[in-house]
Amino acid sequence: MDFWKYIVRIKIPSPVSYVSAILLLIFTTGVYKQLTLTQKTANNCEMTFMFEYPHFVEISVPMNRGKYNLYAYTEGQTMEKIKSMKFYGTPVVFIPGHSGSYRQVRSIASVNIRKMYHIQSNIKFDFFTVDLNEEYSAVFGGVLLQQTAFVSQCIDTIIKTYEYDYKPTSIILIGHSMGGIIAKGLFIDPLFDTELVELIITLATPHRPLFLADHYMDSYYDQVEKIWGNGLDKPRSSFLSNISLLSIGGGHRDLMVWPCLTYTPHADINALSLAIPGVWTSTDHQCILWCKSLVKSIVRVLFDSAESESDDTIYEWRKKVSSYHFDKRSNGKWFHSNLHPITVKLNEPNVIEWNETYKLQRSISLEKGTAMPIVVHLPLFEKSFNYEMTAEAVNIEYHDWVFSCKPDYHSKKHCLFGTNWSSNSTISVSKHMKRRHITLNMPDITKLGHSNLVFKIKNTKKPTALNIDLYEASDRTNQILWRFWYGVFDRHLLWKVNVFETIQYKTILRGWSASICMHCVYNVHMVPIKCSKKHHHAVSKFIVPWTQGVLHGITSDSYVEPLRISLENIPQSNATKNPYLQFILDPTCNYRIELDLSIMDSIGTIGLKYGLTFPSYIGIIILLVLSNQFSQLANSTKDDCSIYHNSLPSIIKVFKTLAVTICFLTAIQSQWPNINKPIGGIDWLGHPLKTMVFSSLLYCITNSFMYFASVALWMMMLFWGKAINELLVRFIMKMLRKNDTLSDWILYGFGKLPIAVSMIAILISYHTCGTVGLVISAFFYYFLLCTMVQDCIDQLIYYPVIFFKDYFMKGEKPGLNLSLTSIHLHFSLFLLWLLICGCHLPCSIEWARNYHHSKYLDPDPSWISSLILNTCAGILWQMDIPKRNLKFYAQLSNLCVAASIILFLFCQTALFRIAPILTLVFLIITVHQCFSSWIGVQDLIDNQVSSANDKVPQKKVE
């Protein structure tokens, strides 16, 4: 007998396994770097400060469930009025998000109150905040309808709180994280008065689900999309047409809600904090609530929206205001209807006139300012018809500073009046001094019959400058056909600028949106080669036409901040323009502009966005292992069911299955595009090439992870098996010494313990949460595996002693009745159990969070799974599985393959579908093993014996 065949042996890994291990290491490193990004990079947001102690006054809400509350925020002079429930302003309701506190309203409310006192405005706002018990609404959708119903009751209560003379006609909603989805979800209820809400501001809100943990969340998002539309084939409902929706995201520092999730096609404004004028910095998920510059911008939108002297409708006015503050701010901090008059008088007294005739590039630098205003005239000629003009204003205090005009008939040089183009300018990020940029197409000016450009410089003692660049657009624009490998090994050259006084260059990135790696992260570097002055400043901009906002990078003196660019998977709304880079250079410098791929940032970004598919791939791998194990049992008369690692399918078989399955997936997605909704950053399902590449990559990484995780689990079982066995032996021996009857009951109880554990788990699941029962049974399953492993180890250890004793003393050769098949099959089923527990883990988290309010979870998506699995476990734990020589092992193997294909087709984005499918597989395996006597074991044995006899050679008869 080969003694060593009972030792757990694992096959030598294939070369593909080593490649998968390397991919796993790179993947883990990239994700770790991305997760620690906020700790390693400086947070440029200045924190808001409280000038007076905040107070939260509780307001009673009818039909309150007990765990939710409503508060009014107050501080300083307004405290006594609020405590006496006297409100006079426009109500603003703050809705916290996932695990959010009602106290997070402090920054916005406090800055608003300070601003109200500072500008002495008649416009007043009353801030209310909803306490949603800090529930985990992003991972458990069962609370979304409850929270929505309570917020609706809060709005009714707030309106009724006002006295009749001050009763508001509208209300403003500010939602953070999932609070923004709750604000949009209010309109699901047909009884909700839609005319009450005029403005919704969402901060870091996932307008697309981060992941679908349960069908409640899936259903809620479906209902919200049904009324709000998706911006493509589903328009916004007509009753929502006058509601302004502003969505603000945090950018790449927000690792919980990525920019692609904060974008919503039915919003009036989509903005990232790092693209908002005056903010220009990325915020994490919590920082977006207290970032001082961003909070001030939001407060300015509230005040400017409430005061209008324009003839526009309220909706159109709010859109202009929000566009000014969040997208294209041309100068001042406040917006009004007459900010940039269309026609401006240019002929002013006491002005130095400076006429420029032929020079296309001009830089005026006044380091000590100017005592008198300066007007610069730039004549346009016929050759400038296809030209563009870019200008940079440095510390020019005029709101209106760039015009076009036709010279007066008498002077032939000077203009009396000019058309104002200053509203087309935008303030720009700057390391020092205020800067504004403008780019104008000359055909737009010549259409008006104008032949001059006019620039105004205000008198000031501060350093000021004006840089003008008139150029032919084709000379300053290049296009590159995008390839995702640009900058992998070396920086890719975009521009090499060897001439002075030119300030504007542009690079169009053609085809990036169709690239296989749309989420790859690149850095754009502007490297100054030669500068004629010590101080210089250049700005790079990344513009995506189908979204709002401009990303900036800076090169200034010795400070270099590369521009970080990445294209988010945002619906393009039939946009035909390509994203492009614009560079505003210092006219005193030559530059080398380069692009490189940030490999680790790209891997980390892809890992975080695509990592949500890992549960489905883990399920696929476990099911394929079970399929191979059942196939071995079907094709062998011996005790053959190999260990998990030896049952892994070959990579060739996996890729063949993937190729066929992807064809099915492509056909299904084209016919039913909503069957796999894009969640997180996963939008490549249905695209054959992308699906093949990323699915293969994710499978290899997951396979390598499962390999090492299962090895670690085996090592733990070997260690804990011995420890658990020693504890049980000590406990039993202690009981045996006390009472013989008690010891008999203990031994009998251990024999019936599996049934007792499964029944207890079912009862606990019914009275608390289904996941709790699953976790309890998982610990017991692990305990059983440990004891099974320890029993085998004990037999192997003592076998040499028994062999020596029987062979040399009795002359008999003892047998070793040892089988690892049961352990191997139970180990695979245990992994299946753990995955189901993981899929239902958000339920237990929410149950534990609300335990002090309710002892059971309602609703509970994990209850059915817990009931079925614990019932099956109570049966399997009492049996010796797998049953030998049963029929239908081959069919059971095929069933596991079919289930793995279903996981690939329908569960990569809908995680809540994984647990029911795996539960069904577990149930079928239990039924197959439990009702073996009905299957016809004897027939199979007879067939095996007869087939064995056919192979025995017959003796020759003489």
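This one's a predicted model, so the numbers in the text were calculated from it and none came from an experiment.

1. A look at the overall build of the chain
Step number 1: Within the chain, the regular secondary structure consists of 24 helices and 29 strands.
Step number 2: Out of the 958 residues belonging to the chain, those deemed buried represent 54%.
Step number 3: Long-range contacts, defined as pairs at least 24 residues apart, comprise 79% of the intrachain contacts of the chain with a sequence gap of at least 6.
Step number 4: Of the roughly 44300 Å² of accessible surface on the chain, a fraction of 59% belongs to carbon and sulfur atoms.

2. Comments concerning the state of the cysteines
Step number 1: Here the structure, examined in full by the defined rule, presents four disulfides.
Step number 2: Paired through a disulfide, cysteine 45 and cysteine 291 show a sulfur-sulfur distance of 2.0 Å. Of note, the bridge from cysteine 45 to cysteine 291 carries an S-S torsion of about -80° and is left-handed in sense. Of this pair, cysteine 45 sits in the loop between helix 2 (37-40) and strand 1 (55-59) while cysteine 291 sits in the loop between strand 8 (269-272) and helix 9 (292-306), and the two are 246 residues apart along the sequence. With respect to class, cysteine 45 is no different from cysteine 291; both count as buried.
Step number 3: Shown here is the disulfide that connects cysteine 517 with cysteine 520, its sulfur atoms set 1.7 Å apart. Measuring the twist about the S-S bond at about 90°, one finds the cysteine 517-cysteine 520 disulfide to be right-handed. Each member of the pair, cysteine 517 as well as cysteine 520, carries the same accessibility label: buried.
Step number 4: With its bonded cysteines labelled in order along the sequence, the chain shows the pairing 1-2, 3-4, 5-6, 7-8.
Step number 5: With no disulfide of its own, cysteine 872 lies closest to cysteine 930 among cysteine sulfurs, the gap being 9.1 Å.
Step number 6: Relative accessible area serves as the criterion here: at 3%, cysteine 872 is assigned to the buried category.

3. Section: the packing of aromatic side chains
Step number 1: The final tally for this structure, using the stated rule, is 36 aromatic pairs.
Step number 2: Ring geometry for phenylalanine 56 versus tyrosine 73: centroids 5.5 Å apart, planes at 70°, classification edge-to-face. With phenylalanine 56 in strand 1 and tyrosine 73 in strand 2 (residues 69-74), this pair connects stretches of sequence that are 17 residues apart.
Step number 3: The class for phenylalanine 56 is buried, based on a relative accessible area of 16%.
Step number 4: Directly above the ring of tyrosine 398 sits lysine 456, whose terminal nitrogen or CZ lies 4.9 Å from the centroid.

4. Looking at the packing of helix 1 (residues 15-35) against helix 12 (residues 599-610)
When two helices pack together, their arrangement is captured by the angle between the axes and the distance separating the axes.
Step number 1: Relative orientation of the contacting elements helix 1 and helix 12 amounts to 90°, with a least axis distance of 7 Å. The orientation of helix 1 with respect to helix 12, classified from their angle, is roughly perpendicular. Listed contacts from helix 12 to Ile26, Phe27, Thr29, Gly30, Val31, Lys33, Gln34 and Leu35 of helix 1 are Met600, Asp601, Ile603, Gly604, Thr605, Gly607 and Leu608.
Step number 2: When its residues are assigned to classes, the contact of helix 1 with helix 12 shows seven nonpolar, six polar and two charged.

5. Here's the deal with unusual backbone geometry
Step number 1: For the peptide bond that leads from aspartate 858 to proline 859, omega is 0°, which places it in the cis range.
Step number 2: With respect to the helices and strands, proline 859 occurs in the loop between helix 19 (841-849) and helix 20 (863-876).
Step number 3: We note that alanine 204 has phi near 50°; this positive angle belongs to a residue other than glycine.
Step number 4: Owing to a relative accessible area of 0%, alanine 204 belongs among the buried residues under this scheme.

6. Observations concerning the environment of isoleucine 902
Step number 1: Take isoleucine 902: it is sitting in helix 21 (residues 889-906).
Step number 2: Aside from chain neighbours lying at most four places away, what touches isoleucine 902 is Cys907 and Ile917.

7. So, the pairing of strand 18 (residues 452-457)
Step number 1: The element strand 18 is extensively covered by neighbouring structure, given that six of its six residues are classed as buried.
Step number 2: In strand 18, alternate side chains face the same way, and those of Asn452, Val454 and Lys456 on one face and Leu453, Phe455 and Ile457 on the other are all buried.
Step number 3: Sheet topology places strand 12 (residues 374-379) next to strand 18; six bridges connect them, and they run antiparallel. Note that in strand 18 the partner of proline 379 across the bridge is asparagine 452.
Step number 4: Direction of pairing for strand 14 (residues 402-405) relative to strand 18: antiparallel, over a ladder of four bridges. In the strand pairing of strand 18, phenylalanine 403 is matched with valine 454.

8. Some points on the sheet that holds strand 29 (residues 589-597)
Step number 1: A sheet is described by the order of its strands in space; here four strands give the open sequence 21-29-23-27, paired in antiparallel fashion. Across the chains shown, the open sheet's two edge strands, defined by having one partner strand only, are strand 21 (492-497) and strand 27 (563-565). Across this sheet, the average inter-strand angle for adjacent strands is 20°, counted without regard to direction.
Step number 2: The pairing of strand 23 (residues 522-531) with strand 27 spans three bridges and is classified as antiparallel. Paired with valine 524 across the two strands is leucine 563, which belongs to strand 27.

9. A short note on the UniProt feature "transmembrane region" (unreviewed entry) in the chain
Step number 1: Taking the numbering used here, the UniProt-annotated feature "transmembrane region" (unreviewed entry) corresponds to residues 12-32, 705-724, 745-767, 779-802, 823-843, 892-911 and 917-937.
Step number 2: Across residues 823-843, helical content stands at 95% and strand content at 0%; the span's end C-alpha atoms are separated by 30 Å.
Step number 3: For the annotated span residues 892-911, helix accounts for 75% and strand for 0% of the residues, and the straight-line distance between the end C-alpha atoms is 24 Å.

10. Some points on the side chain of threonine 502
Step number 1: Its location among the elements puts threonine 502 in the loop between strand 21 and strand 22 (504-510).
Step number 2: On the basis of relative accessible area, threonine 502 is assigned to the buried category, the value being 7%.
Step number 3: A distance of 3.0 Å separates a polar atom in the side chain of threonine 502 from a polar atom in the side chain of tyrosine 505.
Step number 4: Apart from the residues lying within four places of it in its own chain, the contact partners of threonine 502 are Gln361, Asp469, Arg476, Val497, Leu585, Asp586 and Pro587.

11. Description of the confidence of the model for the chain
Step number 1: When the pLDDT values of the chain are averaged, the result is 83; 85% of them are 70 or greater.
Step number 2: Note that residues 1-8 has pLDDT below 50 and, in this model, 15 contacts with residues that lie over four places away or in other chains.
Step number 3: Low pLDDT (under 50) marks residues 940-958, which in the prediction has six contacts with non-local residues, meaning those over four places away or in another chain.

12. Considering helix 4 (residues 106-119)
Step number 1: Given a rise of 1.5 Å per residue, 14 residues ought to cover 20 Å, and the 20 Å separating the end C-alpha atoms of helix 4 matches this to within 8%.
Step number 2: Within helix 4, burial applies to Ser107, Ile108, Ala109, Ser110, Val111, Asn112, Ile113, Lys115 and Met116.
Step number 3: Tucked into the core, helix 4 has its buried residues touching strand 2, strand 4 (125-131), strand 5 (171-176), strand 6 (197-203) and helix 9.
Step number 4: Immediately beyond the C-terminal end of helix 4, within one or two residues, lies glutamine 120, with a positive phi of roughly 50°.

13. Topic: the environment of isoleucine 622
Step number 1: Turning to its location among the elements, isoleucine 622 is positioned in helix 13 (residues 614-634).
Step number 2: Residue class for isoleucine 622 comes out buried when judged on its relative accessible area of 1%.
Step number 3: Once residues lying within four places of it in the same chain are set aside, the contact partners of isoleucine 622 are Met706, Ser828, Leu831 and Leu832.

14. Comments concerning helix 21
Step number 1: The terminal C-alpha atoms of helix 21 lie 26 Å apart, and with 18 residues this matches the ideal 26 Å at 1.5 Å per residue to within 8%.
Step number 2: Among the residues of helix 21, Tyr889, Leu892, Ser893, Cys896, Ala899, Ser900, Leu903, Phe904 and Leu905 are the ones counted as buried.

15. Remarks on the pairing of strand 23
Step number 1: Of the pairings in the sheet, the one linking strand 23 to strand 29 comprises nine bridges and is antiparallel in character. If you follow valine 524 over to strand 29, its bridge partner there is leucine 595.

Cut-offs applied
- Residues numbered from 1 in each chain as written.
- Predicted model: local features only at pLDDT ≥ 70, side-chain atom pairs only at ≥ 80, totals over all residues.
- Heavy atoms only, no water.
- Helix = DSSP H or I, 4+ residues; strand = E, 2+ residues; numbered from the N terminus.
- Buried < 20%, exposed > 50% of the residue type's maximum accessible area, 1.4 Å probe, protein only.
- Contact = heavy atoms within 4.5 Å.
- Areas by Shrake-Rupley, 256 points an atom, 1.4 Å probe, with all protein chains shown as cover.
- Disulfide = S-S within 2.5 Å.
- Phe/Tyr/Trp six-rings, centres within 6.5 Å; stacked < 30°, edge-to-face > 60°.
- Lys NZ or Arg CZ within 6 Å of the ring centre and 35° of its normal.
- Axes fitted to C-alpha atoms, helices over the stretch in contact; angles between N-to-C directions.
- Parallel < 35°, antiparallel > 145°, perpendicular 65-115°, else oblique.
- Nonpolar A, V, L, I, M, F, W, Y, C, P; charged D, E, K, R; others polar.
- Pairing = 2+ DSSP bridges.
- UniProt positions renumbered as here; feature names shortened; annotations may be inferred.
- Polar contact = N/O pair within 3.5 Å; in protein donor to acceptor, adjacent residues only side chain to side chain.
- pLDDT = per-residue confidence, 0-100.
- Expected span 1.5 Å × (residues − 1).

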